[in-house]
Amino acid sequence: MVRYDGKAPYVSSFGDVPEGQPLVYLNSLLQVSVALNMDSFAAKHQVQSGANWHISLKKCS
């Protein structure tokens, strides 16, 4: 089941995107993470973490 199918910029800071917008970044453990600026990506899209979850990323042109 797809929970989110959209674009999100790869940025170094949450401040690089407007409030409420999605982003992709490296967290403090240097893991690729997705988030919403000033909101919860997990709550909004009903996602969790763990072995039963996976994410597919591709570079946009």
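Given the structure is predicted, the values throughout are model-derived calculations rather than measurements.

Novice: Lay out the overall build of the protein chain with the relevant residues and their values.
Specialist: Assigned secondary structure in the protein chain consists of 1 helix and 2 strands. Helices and strands in the protein chain line up, N terminus first, as β-β-α. By the compact-globule yardstick of 10 Å for 61 residues, the protein chain fits well, its C-alpha radius of gyration being 11 Å. Summarising its shape, the C-alpha atoms of the protein chain cover approximately 30 × 25 × 20 Å along the three principal directions. Residue burial in the protein chain is summarised as follows: out of 61 residues, 21% are buried. Restricting the contact set of the protein chain to residue pairs at least 6 apart, pairs at least 24 apart contribute 13%. Taking the average place of the 5 positive charges on the side chains of the protein chain and the average place of its 4 negative ones, the gap between the two points comes to 12 Å.

Novice: Summarise the environment of glutamine 31; cite the residues concerned and give the values.
Specialist: Inspection of the secondary structure puts glutamine 31 in the loop between β1 (22-26) and β2 (32-36). Among the residues examined, glutamine 31 registers a relative accessible area of 44% and is labelled partly exposed. Ignoring sequence-local partners within four residues, the contact set of glutamine 31 consists of Tyr25 and Leu26.

Novice: So, the pairing of β1: which residues are in play, and what are the values?
Specialist: Taken across its 5 residues, β1 has 4 buried, putting it largely inside the fold. Bridge count for β1 against β2 is 5 bridges, and the pairing is antiparallel. Bridging from a neighbouring strand, valine 24 pairs with valine 34 of β2.

Novice: Explain the packing of aromatic side chains residue by residue, including any values.
Specialist: Going through the model one piece at a time under the given rule, you end up with 2 aromatic pairs. Between tyrosine 4 and phenylalanine 41, the aromatic rings sit 5.3 Å apart at their centres with planes inclined by 70°, giving edge-to-face as the arrangement. Taken together, the positions of tyrosine 4 in the segment before β1 and phenylalanine 41 in helix α1 (residues 41-45) put the pair 37 residues apart, joining distant regions of the chain. With a relative accessible area of 10%, phenylalanine 41 lands in the buried category.

Criteria and cut-off values
Within each chain, residue numbers correspond to sequence positions counted from 1 in written order. Only residues with pLDDT of 70 or above have their local features reported here, since the model is predicted, and side-chain atom pairs are shown and tallied only from 80 upward, although totals for entire chains, interfaces and linings are computed over all residues. With hydrogens and water stripped out, all remaining heavy atoms of the structure feed into the side-chain values. For the purposes of this entry, the term helix denotes a DSSP run of H or I that reaches at least four residues, the term strand denotes a run of E that reaches at least two, and both are numbered from the N terminus. Computation of the radius of gyration draws on C-alpha atoms, with the globule rule given as 2.2 Å multiplied by the number of residues to the power 0.38. Only protein chains enter the accessibility calculation, which uses a 1.4 Å probe. A residue is then buried if its area is under 20% of the maximum for its type, exposed if over 50%, and partly exposed in between. By definition, residues are in contact when any of their heavy atoms lie within 4.5 Å. Within this scheme the basic residues Lys and Arg register as positive and the acidic residues Asp and Glu register as negative, but His and the chain ends are omitted. Lysine's charge is taken at NZ, arginine's at CZ, aspartate's at CG and glutamate's at CD. One requirement defines pairing of two strands: DSSP has to find at least two bridges between them. Centres within 6.5 Å are what make two rings of Phe, Tyr or Trp a pair, Trp counting through its six-membered ring; a difference in plane orientation under 30 degrees is then read as stacked, over 60 as edge-to-face, and the rest as tilted.

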